Amino acid sequence: MNLYNLIIQDKEEVNLNDVFLDSHNRDQLVQLIKEHTYVKELQEYGLPVNNKILLQGNSGCGKTMTAKAVANALGKNILILNLSNIVSSRIGETSQNIKMIFDKAARERSVLFLDELDQIGKARGSDDKDVGEMRRLVNTLIQLIDYYPENALLMCATNHAEIIDTALIRRFQLKINYEMPSREFLDQFYDSLLSKFPEDLRNIERKYGISFAEAKDYAFTVVKNAIIKKLEAKIVEN
């Protein structure tokens, strides 16, 4: 199997304002976007541009949406590759194939988003027969990251940064942390989600201590249930 078949070329347009971020994370991402907007001018001063970014932390808190939003802000295509698919599919010549994808992203000046980077770290110690192949893959990744051109952007995501090879972690110039949203932050998120619905559908019982993704799924399920009940009531009346 060729890794090109595992690339997700996502066409969804996400704006940075669509991503619920705390002020510190938003400031870091705005700075990143501005650096790439003025990359030529900064290079004239001999200043490097951050182009290897690690998004780390809780699942469902906006890492993938962040990558899409950054790509959209820069007017770049985004190539999404879930590294768990590489491990589970047992692709032959994985290192060569992943090099082809890095080359493609660099050639097209795309945003390359590698999701579940921790799968590489897990795989190295999980099965003796795979250790050699995974060590080669980690070495390949390190080399590809080291020589990734500044006019392209590499963003990687992980829920478990603590188990990733430290040599890989050191390659990222910018690390952005994603934490479970507070009650107040989730209230803002619920308000935003529900604002597009009629007022009688907005007053739902809210769940807390969950991720943005879980809150969205929950809220939409409750709203859909309320709409269906109203439609069924009309049918009964008629």
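Quick caveat: nothing in here was measured; it's all calculated off a predicted structure.

Colleague: Report on the sheet that holds strand E4 (residues 153-158), specifying residues and quantitative values.
Modeller: Ordered in space as E2-E3-E4-E1-E5, the five strands form an open sheet in which the pairing is parallel. Sheet topology places strand E2 (78-82) and strand E5 (174-178) at the edges, where each strand pairs with a single neighbour. Between one strand axis and the next, the sheet turns by 20 degrees as a mean value, whatever way the strands run. In this sheet, E4 lies alongside strand E3 (residues 111-115) in parallel orientation, the contact comprising four bridges. Each residue of the ladder has a partner; that of Leu 114, found in E4, is Cys 156. Across the sheet, helix H3 (residues 63-74) lies against strand E1 (52-57), E2, E3, E4 and E5, angled at about 170 degrees from E4, the strand it touches most.

Colleague: Break down helix H1 (residues 23-37) for me, citing the residues and quoting the values.
Modeller: Between the first and last C-alpha of H1 there are 21 Å, a value that for 15 residues agrees with the 21 Å anticipated at 1.5 Å per step. Those residues of H1 not exposed but buried are Asn 25, Gln 28, Leu 29, Leu 32, Ile 33, Glu 35 and His 36. Angularly, the buried residues of H1 cover 160 degrees about the axis, an arc narrow enough to put them on a single face. Away from its buried face by more than 90 degrees, H1 exposes Ser 23, His 24 and Asp 27. Contacts from the buried residues of H1 go to helix H2 (39-44), E1, H3, E4 and E5.

What counts, and where the lines are drawn
- For every chain, the first residue of the written sequence is number 1, and numbering continues from 1 along that sequence.
- Given that the model is predicted, a residue must reach a pLDDT of at least 70 before its local features are reported, and side-chain atom pairs must reach 80 or more before they are shown or counted; all residues, however, enter totals for whole chains, interfaces and linings.
- The side-chain values count all of the structure's non-hydrogen atoms but skip hydrogen atoms and water molecules.
- Being paired, for any two strands, means DSSP has found at least two bridges between them.
- In this description a helix means any DSSP run of H or I spanning at least four residues, a strand means any run of E spanning at least two, and both kinds are numbered starting from the N terminus.
- Here an angle of 0 to 180 degrees is reported between the N-to-C directions of two axes, which are lines fitted to C-alpha atoms, with helices fitted over the stretch in contact.
- Only heavy atoms matter for contacts: two residues are in contact if any of them lie within 4.5 Å across the pair.
- Helix span is expected to be 1.5 Å times the residue number reduced by one.
- Buried means the residue's accessible area, taken with a 1.4 Å probe over protein chains only, is under 20% of the maximum for its type, while exposed means over 50%, and partly exposed covers the values in between.
- Of all possible arcs, the one meant is that of the directions from the helix axis to the C-beta atoms.

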